[in-house]
Amino acid sequence: DAGVTQSPTHLIKTRGQHVTLRCSPISGHKSVSWYQQVLGQGPQFIFQYYEKEERGRGNFPDRFSARQFPNYSSELNVNALLLGDSALYLCASSPNGPDEQYFGPGTRLTVT
Amino acid sequence: KNEVEQSPQNLTAQEGEFITINCSYSVGISALHWLQQHPGGGIVSLFMLSSGKKKHGRLIATINIQEKHSSLHITASHPRDSAVYICAVRKVRQFYFGTGTSLTVIP
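What you see is a predicted model, and the numbers here were worked out from it, not measured in a lab.

Trainee: Describe the pairing of strand E10 (residues 94-97) of chain B, listing the residues and the values that go with them.
Mentor: Going residue by residue along E10 of chain B, you find Phe 95 and Phe 97 of chain B tucked away on one face and Gln 94 and Tyr 96 of chain B left uncovered on the opposite face. Between strand E9 (residues 83-91) of chain B and E10 of chain B, which pair antiparallel one after the other, the connecting turn spans two residues, and Val 92 of chain B there sits at a positive phi close to 55°.

Listed below in C-alpha cells is the structure:
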C-alpha cells in the first residue's frame, strides 16, 4: 500500500510569488493535516481537513489556505511568499479524525 | 511560551544504554503523540497515548495526565535509534509540538 505522498519534493520560489503544494493521503484516509517545520524547530500545525471541510486551523496568516478534494487529496496554497516561509511542509493523513497520523515525506520550500 | 516542552534538547548515549526523553505540556489534551524524525525530514508516528503506558519492541511511552507529563523510554539503545524525537499534543482541533530531542547513539 502506498503511504502519504507529497509533491513536489523540493521547490524554490522568489519572494512575493505564490506556491501550491499537494498531498495524497493513504487510500481510505479521509483526514489530511498540514504542518510547517522551520529548520531546527518542531512542526507547527497549519490546517486539518476532514471530509473536505476545514476542521482545525493553526496560527497562520490568511496568506495560507488549503482545500481538500472529493478524492481526499489536498492542496496547500501560500500567497505573497516571504523569506520566513522557507520550511519543510509536512502532510499527514488519518482514517477519520486527526488522531493516528501518518506523515508524508514533506516538501522542502526555499524562498529567495 | 511553548505549550509543549521537551528535555533534554540533545542526548548522546552509548549503544545499549537506557534512554529517557521527557515531555511536559501546559494545555488540556485529547491525546499525546511521540514522533520520530530522521535526517531528511521523514516522520514516523511511534505512539499515541491518552492514558497509561504503551510498549512497542524496545520503546515504551508513559503518560501522567494529572501531572501533564509523558516520557519516552528506549531500552538497549542502538545506533539506528539516532533521530529527533518529537512530542506532540492534540487539544480539540489544534496540535502543539515540542521542538524535539536530538538523540545520537554511539556504537
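Trainee: Quick one: what's the story with the packing of aromatic side chains, residue by residue and with numbers?
Mentor: A full pass over the atoms with the stated rule returns eight aromatic pairs over all chains. Aromatic side chains Tyr 35 of chain A and Phe 45 of chain A sit 5.9 Å apart centroid to centroid with 55° between the ring planes, which places their arrangement in the tilted category. Of this pair, Tyr 35 of chain A sits in strand E4 (residues 31-37) while Phe 45 of chain A sits in strand E5 (residues 44-50), and the two are 10 residues apart along the sequence. Neither Tyr 35 of chain A nor Phe 45 of chain A differs from the other in exposure class; each is buried. Where Phe 45 of chain A meets Phe 95 of chain B, the ring centres are 5.9 Å apart and the plane angle is 55°; that geometry is what we call tilted. You can see Phe 45 of chain A sitting in strand E5 and its partner Phe 95 of chain B sitting in strand E10, one on each of two chains. Comparing Phe 45 of chain A with Phe 95 of chain B shows no difference in burial state: the two are buried.

Trainee: Any details on the sheet that holds strand E3 (residues 19-24) of chain A? Residues and values, ideally.
Mentor: Residues and elements named next belong to chain A. Taken in spatial order, the four strands make up an open sheet running E1-E3-E8-E7, and their pairing is antiparallel. Both edges of this open sheet fall to strand E1 (5-7) and strand E7 (64-68), since each of them pairs with a single strand only. Pairs of neighbouring strands in the sheet enclose a mean axial angle of 15°, with direction left out of account. Of the strand pairs in this sheet, E1 and E3 are connected by three bridges, and their pairing is antiparallel. By the bridge assignment, Gln 6 is partnered in E3 with Cys 23.

Cut-offs and rules
- Residues numbered from 1 in each chain as written.
- Chains lettered and ligands numbered in written order.
- Predicted model: local features only at pLDDT ≥ 70, side-chain atom pairs only at ≥ 80, totals over all residues.
- Heavy atoms only, no water.
- Buried < 20%, exposed > 50% of the residue type's maximum accessible area, 1.4 Å probe, protein only.
- Helix = DSSP H or I, 4+ residues; strand = E, 2+ residues; numbered from the N terminus.
- Pairing = 2+ DSSP bridges.
- Phe/Tyr/Trp six-rings, centres within 6.5 Å; stacked < 30°, edge-to-face > 60°.
- Axes fitted to C-alpha atoms, helices over the stretch in contact; angles between N-to-C directions.

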